Amino acid sequence: MRNTALSLFAAFLMTLTFAVAPASADDAATGQRFSVSLQGLSDFAAPGDELEGQLSITIPAPQSGVRPKKQVFVTATVVTPFGEATIFNSSFRMTAGQTRTIPLSFPIEEDAAPGLYRIKIGVTIDGESLSVGHEVEVGGKR
Amino acid sequence: MRTTLLSLFATFLIAVSFTTVPVSAAGSAVGETFVLSVEGFPDSAAAGTTVSGKISITLLDSIRAVTRQVSFTITSETPFGEAVLKSGTFTMTSGQTRTVSFTLPIAGDARPGTYTLRANATIVNETLSVDHAIDIAGKK
């Protein structure tokens, strides 16, 4: 009986191990006026690949009254030896009480140097800035 | 006498060319409406230091004086393409030269290697670029 229970437990653990394969690390940040989360960017990419994920921005609805529209500024930077450099920026309006999900796609150059690179995505709404980050290992060509 | 003077002058020029050791390389690009130059950035630097340099834009003379909007960027090559380190816009008049100086800190943990900075400038429909490679050595 005890052996059977142990075997079942071991089988359960093995199933968990196989089922949970972390392919990406996500990040999130919450401020006073909004929250932001970054999902789906993979931890490893080869030159020529496309690094894809999504950025979700949520502006909570006000307790009462009209739902104002807010201007949202999004900037993606990558850390270079000379500091953070901008690879993408965008601006749009969204209504409080909504969540907007933006697909992200970062093509990786064919001649990219292998190494660990940090991408930072900053979001600014109403003077408040939040940032989320992701590290990707760019490896040799597959 | 004239030949001797010429020989001396030639010797002097040769000597000068050997004694001038370039510590920084300058580059320029000449377009139809303007000239873009990059000066002062060093060819090599150590991690944890800063590098400085400048870009100069000369709007070429035209028959009629014109004022143009200039936009410029300093970019660095990354695995995700050219990424913008600095950018700006200003207006200038034909015949003028405008110079913009930059100081860029090099991260203390920067990987040694050769990195290319690219200066880009656009006036109306013309874009010019000048590259400058910097060899980054490990932290001193």
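Note that this is a predicted model, so its numbers are computed, not measured.

Caption draft 1: Spatial organisation of the overall build of chain A. A tally of regular secondary structure across chain A gives one helix and nine strands. Each helix and strand of chain A, placed in order from N terminus to C terminus, yields the pattern α-β-β-β-β-β-β-β-β-β. Residues counted as buried form 33% of the 142 residues belonging to chain A. Here the contacts in chain A between residues at least 6 apart in sequence split such that 59% fall between residues at least 24 apart.

Caption draft 2: Spotlight on the interface of chain A and chain B. Contact residues are listed per partner, giving 22 residues for chain A and 21 residues for chain B. In total, about 1500 Å² of surface goes out of reach between chain A and chain B, with carbon and sulfur atoms giving 70% of it. A per-residue breakdown of the area chain A buries against chain B is headed by Pro81, Phe82 and Glu109 of chain A, which together make up 48% of the total. Connecting chain A to chain B are zero salt bridges. Run the count over chain A and chain B and you get four residue pairs in polar contact (both at pLDDT 80 or more). Those elements giving two or more residues to the side of chain A that touches chain B turn out to be strand S5 (69-80), strand S6 (83-95), strand S7 (99-107), strand S8 (115-125) and strand S9 (128-138) of chain A. If you tally residues by element for the side of chain A that touches chain B, the top one is S6 of chain A, at five residues. Grouping the constituent residues of the side of chain A that touches chain B by class yields 16 nonpolar, four polar and two charged.

Caption draft 3: Fine view of the sheet that holds strand S1 (residues 27-30) of chain B. Residue and element names in this part refer to chain B. Spatially, S1-S2-S4-S7 is the arrangement adopted by the four strands of the open sheet, whose pairing is antiparallel. Only two strands of the sheet have a single partner each, and these edge strands are S1 and strand S7 (97-105). Here the average twist between neighbouring strands, direction ignored, is 15°. One ladder, built from six bridges, connects strand S2 (residues 34-39) with strand S4 (residues 50-59); its direction is antiparallel.

Caption draft 4: Broad picture of empty space enclosed by the protein. Residues and elements named next belong to chain B. Enumeration according to the criterion identifies one cavity of 30 Å³ or more in this entry. Considered as a void within the structure, the largest cavity measures approximately 40 Å³ in volume. Lining the largest cavity are Val38, Phe41, Ile74, Leu117, Arg118, Ala119, Val130, Asp131 and His132. Of all elements in the fold, only strand S8 (113-123) and strand S9 (126-137) reach the threshold of two or more residues within the lining of the largest cavity. Looking at the lining of the largest cavity, its residues break down into six nonpolar, one polar and two charged.

Caption draft 5: Expanded view of the packing of aromatic side chains. Under the criterion given, the structure shown has five aromatic pairs over all chains. With a centroid separation of 6.4 Å and an interplanar angle of 85°, the aromatic rings of phenylalanine 82 of chain A and tyrosine 115 of chain B are classed as edge-to-face. Placement of phenylalanine 82 of chain A in the loop between S5 and S6 and of tyrosine 115 of chain B in strand S8 is noted, with the two residues assigned to different chains. Of the residues examined, phenylalanine 82 of chain A reaches a relative accessible area of 3% and is grouped as buried. Judged by relative accessible area, tyrosine 115 of chain B falls into the buried class, the value being 17%. Here the aromatic rings of phenylalanine 72 of chain B and phenylalanine 90 of chain B are separated by 5.9 Å at their centres, their planes lie at 45°, and the arrangement is tilted. One end of the pair, phenylalanine 72 of chain B, is in strand S5 (residues 67-78); the other, phenylalanine 90 of chain B, is in strand S6 (residues 81-93), with 18 residues separating them in the sequence. An identical accessibility class is assigned to phenylalanine 72 of chain B and phenylalanine 90 of chain B; each is buried. Three or more aromatic residues link up through ring pairs in this structure, and these residues are Phe106 and Tyr117 of chain A together with Phe80 of chain B.

Caption draft 6: Spatial organisation of the layout of surface pockets. Taken as a whole, the largest pocket spans an internal volume of roughly 550 Å³. Val79, Pro81 and Tyr117 of chain A together with Arg111 and Tyr115 of chain B are, among the 23 residues lining the largest pocket, the residues nearest its centre. Contributions of two or more residues to the lining of the largest pocket are made by S5 and S8 of chain A together with S5 and S8 of chain B. In terms of residue class, the lining of the largest pocket is made up of 11 nonpolar, five polar and seven charged.

Caption draft 7: Examining the sheet that holds S7 of chain A more closely. Residue and element names in this part refer to chain A. Sheet architecture is open: four strands sit in the order S1-S2-S4-S7, paired in antiparallel fashion. Each of the sheet's edge strands pairs with one partner strand only, and the pair in question is strand S1 (27-30) and S7. Taking the axes of each pair of neighbouring strands and ignoring which way they run, one obtains an average angle of 15° across the sheet. With four bridges joining them, S1 and strand S2 (residues 35-39) adopt antiparallel strand pairing. For threonine 30, the partnering residue across the bridge sits in S2 and is serine 35.

Conventions we followed
- Residues numbered from 1 in each chain as written.
- Chains lettered and ligands numbered in written order.
- Predicted model: local features only at pLDDT ≥ 70, side-chain atom pairs only at ≥ 80, totals over all residues.
- Heavy atoms only, no water.
- Helix = DSSP H or I, 4+ residues; strand = E, 2+ residues; numbered from the N terminus.
- Buried < 20%, exposed > 50% of the residue type's maximum accessible area, 1.4 Å probe, protein only.
- Contact = heavy atoms within 4.5 Å.
- Buried area = accessible area lost by both parts, 1.4 Å probe.
- Salt bridge = Lys/Arg side-chain N within 4 Å of Asp/Glu carboxyl O.
- Polar contact = N/O pair within 3.5 Å; in protein donor to acceptor, adjacent residues only side chain to side chain.
- Nonpolar A, V, L, I, M, F, W, Y, C, P; charged D, E, K, R; others polar.
- Pairing = 2+ DSSP bridges.
- Axes fitted to C-alpha atoms, helices over the stretch in contact; angles between N-to-C directions.
- 1 Å grid on protein atoms, 1.4 Å probe; cavity = no way out; pocket = protein on both sides within 12 Å on 5 of 7 lines; lining within 4 Å.
- Points joined across faces, edges and corners; volume = space filled by probe spheres on them.
- Phe/Tyr/Trp six-rings, centres within 6.5 Å; stacked < 30°, edge-to-face > 60°.

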